[in-house]
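# Structure at a glance
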Amino acid sequence: MVAAITYAAKIQTVAPVLTPPRAHGVLRLGAKRRGPASVVASLRQEGSLKALFPKCAGDALEAVFLNTAGGLTGGDVMDIAMTAGDGTQIIASSQAAERAYRAQPGQVARAQVDLHVADGARLHWLPQETILFDGAALRRRLHVNLTGNARALIVEPLIFGRAAMGETLGVLHFTDQWRVRRDGKLIFADALRITDDAISKMECRAIAGGAGALATVLLAAPEAGVFAEMPLPDDAGLSLIADDLLLIRILADDGFALRKVLIPVIEALSQAPMPRVWRL
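As the structure is a computational prediction, the values presented were derived from the model and not from experiment. (Residues numbered from 1 in each chain as written. Predicted model: local features only at pLDDT ≥ 70, side-chain atom pairs only at ≥ 80, totals over all residues. Heavy atoms only, no water.)

### Thoughts on the overall build of the chain
Keep this limit in mind: Under the scheme used here, helices are H or I runs from DSSP no shorter than 4 residues and strands are E runs no shorter than 2 residues, and both carry numbers assigned from the N terminus. Between buried and exposed lies partly exposed: a residue is buried under 20% and exposed over 50% of the maximum accessible area for its type, with that area taken using a 1.4 Å probe on protein chains only. Two residues form a contact once any of their heavy atoms are found within 4.5 Å. Computed with a 1.4 Å probe, the accessible areas rest on the Shrake-Rupley method; for each residue, only the protein chains presented here act as cover.
Along its length, the chain carries two helices and 17 strands. Within the chain, the fraction of its 280 residues that count as buried is 48%. The contacts in the chain between residues at least 6 apart in sequence include a share of 70% that link residues at least 24 apart. Accessible surface, the chain as shown: approximately 14100 Å² in total, 55% of it carbon and sulfur.

### A look at the sheet that holds strand β14 (residues 185–194)
Under the convention used in this document: DSSP bridges decide pairing: two strands pair if at least two such bridges lie between them. Geometry is summarised by axes, namely lines fitted to C-alpha atoms with helices restricted to the contacting stretch, and by angles between N-to-C directions that run from 0 to 180 degrees.
With mixed pairing, seven strands are arranged side by side in an open sheet as β2-β1-β5-β8-β11-β13-β14. Bordering the open sheet on either side are β2 (37–47) and β14, each of which pairs with just one other strand. Sheet twist, expressed as the average angle between the axes of neighbouring strands with direction ignored, equals 10°. In the sheet, strand β13 (residues 173–182) pairs with β14 via nine bridges, with the strands oriented antiparallel. Across the sheet, the residue bridging to R182 is K185, located in β14.

### Let's talk about the pattern of salt bridges
Here is the rule: The salt bridge criterion pairs a side-chain nitrogen of Lys or Arg with a carboxyl oxygen of Asp or Glu, the two atoms within 4 Å.
Per the counting criterion, the structure on display carries 12 salt bridges. Of the charged contacts, one joins E223 and R151 as a salt bridge, the two residues approaching to 3.0 Å between their closest N and O atoms. With E223 in the loop between β15 (213–220) and β16 (236–242) and R151 in strand β12 (residues 151–160), this pair connects stretches of sequence that are 72 residues apart. Owing to a relative accessible area of 23%, E223 belongs among the partly exposed residues under this scheme. As a salt-bridge pair, R182 and D244 come within 3.7 Å of each other at their nearest N and O atoms. Residue R182 is located in strand β13, and its partner D244 is located in the loop between β16 and β17 (245–252); the two are separated by 62 residues in the primary sequence. Note on R182: relative accessible area 12%, which makes it buried. Judged by its relative accessible area of 25%, D244 falls in the partly exposed class.

### Some remarks on the side chain of S270
Inclusion rule: We call two N or O atoms a polar contact when they sit within 3.5 Å, provided that within protein one can donate a hydrogen and the other can accept it, with sequence-adjacent residues counted only if both atoms are side-chain atoms.
Relative to the assigned elements, S270 resides in helix α2 (residues 255–270). On the accessibility criterion, S270 (8% relative accessible area) is buried. Within the structure, the side chain of S270 is placed 2.7 Å from the backbone oxygen of I266, a separation counted as a polar contact. At 3.2 Å, the side chain of S270 and the backbone oxygen of A272 are in polar contact. Sequence-distant contacts of S270, defined by excluding residues within four places in its chain, comprise H124 and L153.

### Remarks on unusual backbone geometry
We note that D183 has phi near 55°; this positive angle belongs to a residue other than glycine. In the Ramachandran plot, Q271 falls in the positive-phi region, its phi being about 55° despite a non-glycine side chain. Mapped onto the elements, Q271 comes out in the segment after α2. With relative accessibility at 64%, the residue Q271 sits in the exposed group.

### Comments concerning the pairing of strand β11 (residues 137–146)
In terms of burial, β11 is largely enclosed, as seven of its 10 residues are buried. Of the pairings in the sheet, the one linking strand β8 (residues 109–117) to β11 comprises nine bridges and is parallel in character. When the bridges of β11 are listed, V117 appears paired with L146. Two strands pair when backbone bridges link them, and β11 and β13 are joined in this way by 10 bridges, in the parallel orientation. Within β13, the position partnered with L138 by the bridge is F174.

### Looking at the environment of R162
With respect to the helices and strands, R162 occurs in the loop between β12 and β13. Look at R162 and you get partly exposed, because its relative accessible area is 30%. In this structure, R162 is in contact with I131, F133 and E167, ignoring residues within four places of it in sequence.

Shown next as structure tokens:
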């Protein structure tokens with residue numbers, strides 16, 4: 001009996017520690033011209049990232065990507081790359097808002113996006129909101145490579161917590177890095193870092209003024225200067241960084257208020273209606 005008990009105790013001490021499964025997704029999309037229309041030239045999708053291609057009235061290739069894992073948590077990895085070939089146009093959006101859930105200690109979700117836009121091409125990166133839950137840990141990276149007179153409209157909306165649930169962000173680790181290059185030369189760099197000690201500082205008027213939502217909009221196009229005098233509400237700011245580079249930041253109380261301002265801005269800059277998924 002003593003030997004049996006000792007043997008059982010040894011088994012318990014060497015039992016493996018099971019870790020929850022993590023989501024991994026890869027999406028690769030390329031576009032080419034077929035007459036006046038932009039069509040799929042290449043497509044690769046793996047894991048929890050998928051792409052849908054709704055019919056649209058114009059000649060652009062509209063791509064809607066979705067994360068079938070239902071959100072992001074520590075250890076998840078999402079990797080998206082899109083290439084707009086010469087003279088093509090891609091309009092990319094997400095099927096729904098992305099959710100960054102609470103992560104286990106020491107674990108961080110990673111999302112990386114690489115966009116390549118050839119000479120004469122246009123790419124609109126228009127994902128819906130990323131909702132940061134209390135305890136989320138997410139590291140994002142966005143790299144855009146433009147050639148010649150390529151055009152890109154980049155939009156990233158953020159929502160801080162679930163206001164309808166009465167949630168406040170007490171713990172958070174979020175980093176967001178943007179790099180934009182034209183013909184290999186760096187023309188725009190931006191970094192956002194929100195950690196536990198920064199949550200209370202977001203109440204300061206000089207930082208976020210207690211806003212519950214934030215959007216960053218970047219237009220890299222020869223005609224960017226045309227929009228330098230665009231009317232915006234008081235909680236939004238516009239900077240014409242260069243003749244072909246326009247940056248807008250928008251603060252709002254919540255996601256609904258953010259959309260009321262953001263959608264007209266996107267439609268004005270893109271000169272096109274919003275993707276249908278934004279209005280469902």
